[in-house]
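# Residue-level structural notes
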Amino acid sequence: MINSNANLNPKLFDKDIEQVPSRNGYGEGLVAAGEENPNVVALCADLTESTRTQAFKDKFPERFIEMGVAEQNLATVASGMAAAGKVPFITSYAMFSPGRNWEQTRTTICYNDQPVKIIGSHAGISVGPDGATHQALEDMAITRVLPNMVVICPCDAIEAKKATLAIAKTKEPSYIRLSREKVPVITTENTPFEIGKAEVFNDGKDVAIIACGQMVYRSLLAAKKLEESKISVRVINCHTIKPLDNTTILKAAEDCGAIVTAEEHQVNGGLGSAVAELVSQHFPVPMKIIGVEDRFGESGEPNELLEKFGLTKDAIIKAVTSVLRMKEK
Amino acid sequence: MSIFDQDIHKLEEKAVLIREDIIKMLLEAGSGHSAGPLGMADIFTALYFNVLNHDPTKPDWEDRDRLVLSNGHICPVLYATLAHAGYFPVSELKTLRKLGTRLQGHPHRSTLPGLETTSGPLGSGLSQACGMALAGLMDKKKWWVYCLTSDGEHDAGNTWEAIMWAGKNKLNNLTVIIDRNNIQIDGFTENIMPLEPLKQKYEAFGWHVLEIDGHNFEEIIDSCNKAKTIFNQPVCIIAHTIPGKGVDFMEKDYKWHGIPPDEKQAKQALHELRTLQGKIRSEHE
């Protein structure tokens, strides 16, 4: 059943639930961060409107820096600005940053320990018609392997805003992945958010679904359906992929004895991998990882693609049934 | 502003000591780069003992000039110069590249006082210097940003992204010094990837360009001072240097780019440095 302490949107299961792209929440959060701290600056690589950095540019034109189509320079200039006391947010599509500029991010931001905040919009298969070149499905893998880096994948626009404000206050290099498409707003202003703290959105004891991004909504839908068959499901919104909330996840392994993870990312190297690395070493339980199975995306409408690539409520239900069978053996 | 002959003699003596330490460090480490550090010893000496506004007792002093070493592999010259300037004990130079050292094979900012950045992978330093310079201009700071780059790393796209961006933003508190020694690992720069006409390329991107003899202290210091008088443009100083400068058998030979001397070669190199190419008798013999 829904955890009332999570203060989720009361219209959660309504057909007309409000839908907003998570990048919008980032845009609002960046303006708020800019109001709080005059050292916050925004750098963008020729994608100011579509990454929603435009609002910051309008409000603080003197603190907005246009980089042109040059993502390597984007990351490295930001490193230099951070060294001189600024809190730089660098924005592009996830495929280009942290995609194209990974080595610069590793050396000049993470190893150099500079508090650069990387915002990767248009992540996931739901980017849609633009096709595989623009559908970042590897970004969490390449960022979470970097020492010092924080990796966050918010479940909706409200959480994206909270995450943006939160990383503006920390010293760590950080990455937030955002969606292009509208996704249901499942949280409220009163839903708890803390970097590194996973939240139980639906409580249960037979199986745990650990999800991030828009797969949290689909997991909640799956849980509701499963509860009709008397299967008690714990749904955990694991917005921070790194540092992983070991306590909440191991407790779920112990309490439920079976885990399904769900993410809009390659199964290799993302949230599922992070959970498996933890659980397999400390409290092994049967597990299934829902994600893109080692292949590139393609053009199509977002929902068609989510269906084709198996990122649906039904796929989650099937995986739950499968891990429950493994658990019984 | 000109400089007195006696000051130049002092700088020349300091540069010889720094070159000797570079040879000793590399011999002790058993790996590392020889040609670049020796070739840049005069420029580093001029910067840290004349040009830069800095305080070795306060490496984090907010108003210090920033020196970004982009081609991190020549760090033996940076380490030796920082040690002689007083950032850490000269005795620590012998720990270069050894387990537990603060003197990593390529510079790591947070482990050693005096480093402005972490570097090694080529082509990223100029962008970082640009970021510092822009932040300084935004906050109306008086400090200056120097970036030392190699000619070889001008093969990298990241470098040209930075050159274009610095010109656009008229970063007039930024001076780039290019170590134009004409060598890189695989051979001579003009064979590997031609860079000329380098001066005209920078000018086309909105920079003011000066060319100097990178072993002439007066020219090094004068050009750095002149750079501060240029209005509304970043300045690039193309410093023509001799790779391996000071050690006859290393000079102008690209094979010395990425290797250290063995014991016999180090002995020969130290003899040459101490006797000014055999012109005087060494007290060490």
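Residues numbered from 1 in each chain as written. Chains lettered and ligands numbered in written order. Predicted model: local features only at pLDDT ≥ 70, side-chain atom pairs only at ≥ 80, totals over all residues.

A few words now on the overall build of chain B. On a plain count of helices and strands, chain B comes out with ten helices and seven strands. Taking 285 residues into account, the globule formula puts the C-alpha radius of gyration at 19 Å, and chain B, at 18 Å, falls close to it. For chain B, the spread of C-alpha atoms along the three principal axes comes to 55 × 45 × 40 Å. Evaluated residue by residue, chain B yields a buried proportion of 49% over its 285 residues. (Helix = DSSP H or I, 4+ residues; strand = E, 2+ residues; numbered from the N terminus. Rg over C-alpha atoms; globule rule 2.2 N^0.38 Å. Buried ≥ 20, exposed ≤ 12 C-beta atoms within 10 Å, placed from the backbone.)

Secondary structure summary: chain A contains eleven helices and 14 strands in total. The C-alpha atoms of chain A give 19 Å as radius of gyration, which agrees with the globular expectation for 329 residues (20 Å, within 12%). In terms of principal-axis extent, the alpha carbons of chain A reach across some 60 × 40 × 40 Å. By the burial criterion, 59% of the 329 residues in chain A qualify as buried.

At the junction of the two partners, chain B supplies 23 residues and chain A supplies 21 residues. The set of elements that each furnish at least two residues to the side of chain B that touches chain A consists of α5 (125-138) and α6 (157-168) of chain B. Of the residues belonging to the side of chain B that touches chain A, the class tally is eight nonpolar, twelve polar and three charged. (Contact = placed C-beta atoms within 7 Å. Nonpolar A, V, L, I, M, F, W, Y, C, P; charged D, E, K, R; others polar.)

Further remarks concern the packing of helix α3 (residues 41-51) of chain B against helix α9 (residues 217-227) of chain B. Residues and elements named next belong to chain B. Where α3 contacts α9, the two axes come as close as 10 Å, and the packing angle between them is 55°. In terms of orientation, α3 lies oblique with respect to α9. Both α3 and α9 take part in a crossing whose hand is right-handed. Side by side, α3 and α9 meet where D42, I43, A46, N50 and V51 of the first sit next to F217, I220, I221 and C224 of the second. Residues of the contact of α3 with α9, tallied by class, amount to seven nonpolar, one polar and one charged. (Axes fitted to C-alpha atoms, helices over the stretch in contact; angles between N-to-C directions. Parallel < 35°, antiparallel > 145°, perpendicular 65-115°, else oblique. Left-handed = near helix turned anticlockwise from the far one by under 90°.)

Now for the pairing of strand β14 (residues 287-292) of chain A. All names here are of chain A. Burial analysis of β14 places six of its six residues in the buried class, the great majority of the element. Summarising the sheet, strand β13 (residues 259-266) and β14 pair through five bridges and their orientation is parallel. The residue bridging V260 from the neighbouring strand is K288, located in β14. As for the winding sense of the linkage, the β-α-β connection from β13 through helix α9 (residues 271-282) to β14 is right-handed. (Pairing = 2+ DSSP bridges. Right-handed = clockwise from strand over helix to strand, strands pointing away.)

Moving on, we come to the nonpolar core. Core analysis: the largest hydrophobic core is formed by 187 residues, its most contacted members being L43, I209, I210, I259, V260 and I316 of chain A together with C130 of chain B. The biggest single contributor to this core is helix α4 (residues 75-85) of chain B, with eight residues. If you count residues domain by domain, this core takes at least three from each of domain 1 (19-184) and domain 2 (191-328) of chain A. Dropping the residues within four chain positions of it, L43 of chain A is found in contact with I65, M67, L74, V77, A78, P88 and I90 of chain A. (Core = buried A, V, L, I, M, F, W, Y, C linked by C-beta atoms within 7 Å. Domains from an automatic or database assignment.)

Note: interface size is frequently given as the accessible area lost on complex formation between the parts. Residues and elements named next belong to chain A. What the domain assignment reports for chain A is domain 1 (19-184) and domain 2 (191-328). With 29 residues of domain 1 at the interface, the matching set in domain 2 holds 32 residues. Contributing elements (two or more residues each) for the side of domain 1 that touches domain 2: α5 (139-144), β6 (150-152), α6 (157-167) and β8 (182-184). For the side of domain 1 that touches domain 2, the leading source of residues is α6, giving four residues. Broken down by class, the residue content of the side of domain 1 that touches domain 2 amounts to 17 nonpolar, seven polar and five charged.

In this section: the pairing of strand β4 (residues 87-93) of chain A. All names here are of chain A. Counted residue by residue, β4 has seven buried out of seven residues, so it is predominantly covered. With five bridges joining them, strand β2 (residues 40-44) and β4 adopt parallel strand pairing. Residue pairing in the sheet places V41 in a bridge with P88 of β4. Alignment of β4 against strand β5 (residues 117-121), held across five bridges, turns out to be parallel. Paired with Y93 across the strands is S121, a residue of β5.

With that settled, consider unusual backbone geometry. With omega at 0°, the peptide bond leading from K242 of chain A into P243 of chain A counts as cis. Its place among the elements puts P243 of chain A in the loop between β12 (240-242) and α8 (246-256). With an omega dihedral of 0°, the bond running from E196 of chain B to P197 of chain B counts as a cis peptide bond. Within the fold, P197 of chain B resides in the loop between α7 (189-192) and α8 (198-204). Phi at K252 of chain B is positive, roughly 60°, even though this residue is not glycine. Residue placement: K252 of chain B occurs in the loop between β7 (235-240) and α10 (263-274).

Next up on the list: the packing of helix α1 (residues 5-29) of chain B against α4 of chain B. Residue and element names in this part refer to chain B. At a closest axis distance of 9 Å, the pairing of α1 and α4 adopts a crossing angle of 125°. Compared by their axis directions, α1 and α4 come out oblique. You can see that α1 and α4 cross each other, and the crossing is right-handed. For the pair α1 and α4, the contacting residues are K14, L17, I18, D21, I22, M25 and L26 in the first and P76, V77, A80, T81 and H84 in the second.

All names here are of chain A. Here seven strands make up an open sheet; going across it, the order is β3-β2-β4-β5-β7-β6-β12 and the pairing mixed. The sheet is open, and its two edges are formed by β3 (64-66) and β12, each paired on a single side. Each neighbouring strand pair of the sheet contributes to a mean axis angle of 20°, computed without reference to strand direction. Sheet analysis places β6 next to strand β7 (residues 174-177), joined by three bridges and oriented parallel.

Turning to α5 of chain B, a few remarks are in order. Between the first and last C-alpha of α5 of chain B there are 20 Å, a value that for 14 residues agrees with the 20 Å anticipated at 1.5 Å per step. Most of α5 of chain B sits inside the fold, with twelve of its 14 residues counted as buried. Looking only at α5 of chain B, the buried set comprises G125, L126, S127, Q128, A129, C130, G131, M132, A133, L134, A135 and G136 of chain B. The inward-facing, buried residues of α5 of chain B contact α3 (71-83) and α4 (102-111) of chain A together with β1 (66-69), β2 (145-150), α6 and β3 (174-180) of chain B. Phi for K140 of chain B, located one or two positions after α5 of chain B, is positive at around 55°. (Expected span 1.5 Å × (residues − 1).)

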